[in-house]
Amino acid sequence: MIRQLTEKDRDQVMSFAGDRPAENLFIFGDIEAYGLEGDVVTVWGDFDGQGALRSILLRYLGNFIPYARDAELLDGKAWADVIGRCSALTCLSGLQSLVKRILPYMSRPVQKEQLCYYAAQDLGAPLDKSTARKDVKMLFPEEAEKIIALRQTIFSNHAETAATLQKSMDRGISRTFYIERNNEPVSSVSTTAETAGAAMIVGVCTKKEYEHQGFATSCLIKTISALQAEHKRPCLFYDHPAAARIYEKLNFIPIEKWMMERY
């Protein structure tokens, strides 16, 4: 049985998804930030005959994320029907093994597909800070514009605004570390969707003329250290071999592939 969930179901949902906190970072983050009832977030649950959850589906604006402990228990057709009744659909994303069970039943054509590795840091491995540069700074929320300007020179499809980044920083779900030259950022690393137990690392970038000097790695080390001090597990996406080598040196372990279907 599928039904829309309310705040009365919060403990059951968090317990159900809590066995894989890194994989469910977005689900935890969205629920912690917006709750289970509202215009921004909606959560549905599929229950068995004994009232136990088999799978859940979260909507954050137009993005839908499924989760099940056992992919075989995720009813792809039923969730495709739920998604199909929502006009807000822009993206279906999640662990590949789960998204693939829904895709065959989606009625709308996919405009773009992206597949990348989802990795989390091995908390038991020591972090080597000896190579980190000493000139890494932490961004203040009111300085958000200069990091957005940096990203726009590097990422062709960057869409986040300074106002959105500042709001996330003010709410404590995002932070940024950066290195500057001539009073302008040339390399930075940010977090997003920070929860009590994990955080997503995003926006890893360096201006071309400053590449291969350890700038991004230094920002990463600073970010990871800050998260570890707060007992938050760093997570990230990557799909480039060069990035994989950097992240492996920093003790990131691939969990599973993450699939994003854009509509």
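What counts as what
Residues numbered from 1 in each chain as written. Predicted model: local features only at pLDDT ≥ 70, side-chain atom pairs only at ≥ 80, totals over all residues. Heavy atoms only, no water. Core = buried A, V, L, I, M, F, W, Y, C linked by side-chain atoms within 4.5 Å. Buried < 20%, exposed > 50% of the residue type's maximum accessible area, 1.4 Å probe, protein only. Domains from an automatic or database assignment. Contact = heavy atoms within 4.5 Å. 1 Å grid on protein atoms, 1.4 Å probe; cavity = no way out; pocket = protein on both sides within 12 Å on 5 of 7 lines; lining within 4 Å. Points joined across faces, edges and corners; volume = space filled by probe spheres on them. Helix = DSSP H or I, 4+ residues; strand = E, 2+ residues; numbered from the N terminus. Arc of directions from axis to C-beta. Phe/Tyr/Trp six-rings, centres within 6.5 Å; stacked < 30°, edge-to-face > 60°.

- For the protein, the name recorded in an unreviewed UniProt entry is Acetyltransferase, GNAT family, with Sporolactobacillus inulinus as its organism.

**Thoughts on the nonpolar core**
Thinking step 1. F64, I83, L92, I102, M106 and C235 are the most contacted members of the largest nonpolar core, which totals 47 residues.
Thinking step 2. Each of domain 1 (2–108) and domain 2 (136–257) accounts for three or more of the residues forming this core.
Thinking step 3. In contact with I102, not counting residues within four places along its chain, are P66, L74, G76, W79, A80, I83 and L92.
Thinking step 4. If you look at the next biggest cluster of nonpolar residues, it comprises 23 residues, including I179, V189, I221 and I224.

**As for empty space enclosed by the protein**
Thinking step 1. Tallied over the full model, the rule gives 1 cavity of 30 Å³ or more.
Thinking step 2. Roughly 40 Å³ of volume is contained in the largest cavity.
Thinking step 3. Where the lining of the largest cavity is concerned, the elements lending two or more residues are β4 (63–67) and β5 (91–95).
Thinking step 4. For the lining of the largest cavity, the leading source of residues is β4, giving 3 residues.

**With respect to helix α5 (residues 144–154)**
Thinking step 1. Of all the residues in α5, the buried ones are A144, I147, I148, L150 and R151. Each buried residue of α5 lies within a common arc of 155° when the element is viewed along its axis, so the set occupies one face.

**So, the packing of aromatic side chains**
Thinking step 1. In total, this model carries 12 aromatic pairs according to the counting rule given.
Thinking step 2. Centroid distance Y247 to F252: 5.9 Å. Interplanar angle 70°. Geometry classified as edge-to-face. Each of the two residues, Y247 as well as F252, counts as buried.
Thinking step 3. Ring pairs connect the aromatic residues F26, Y118, F237 and W258, which therefore count as one cluster.

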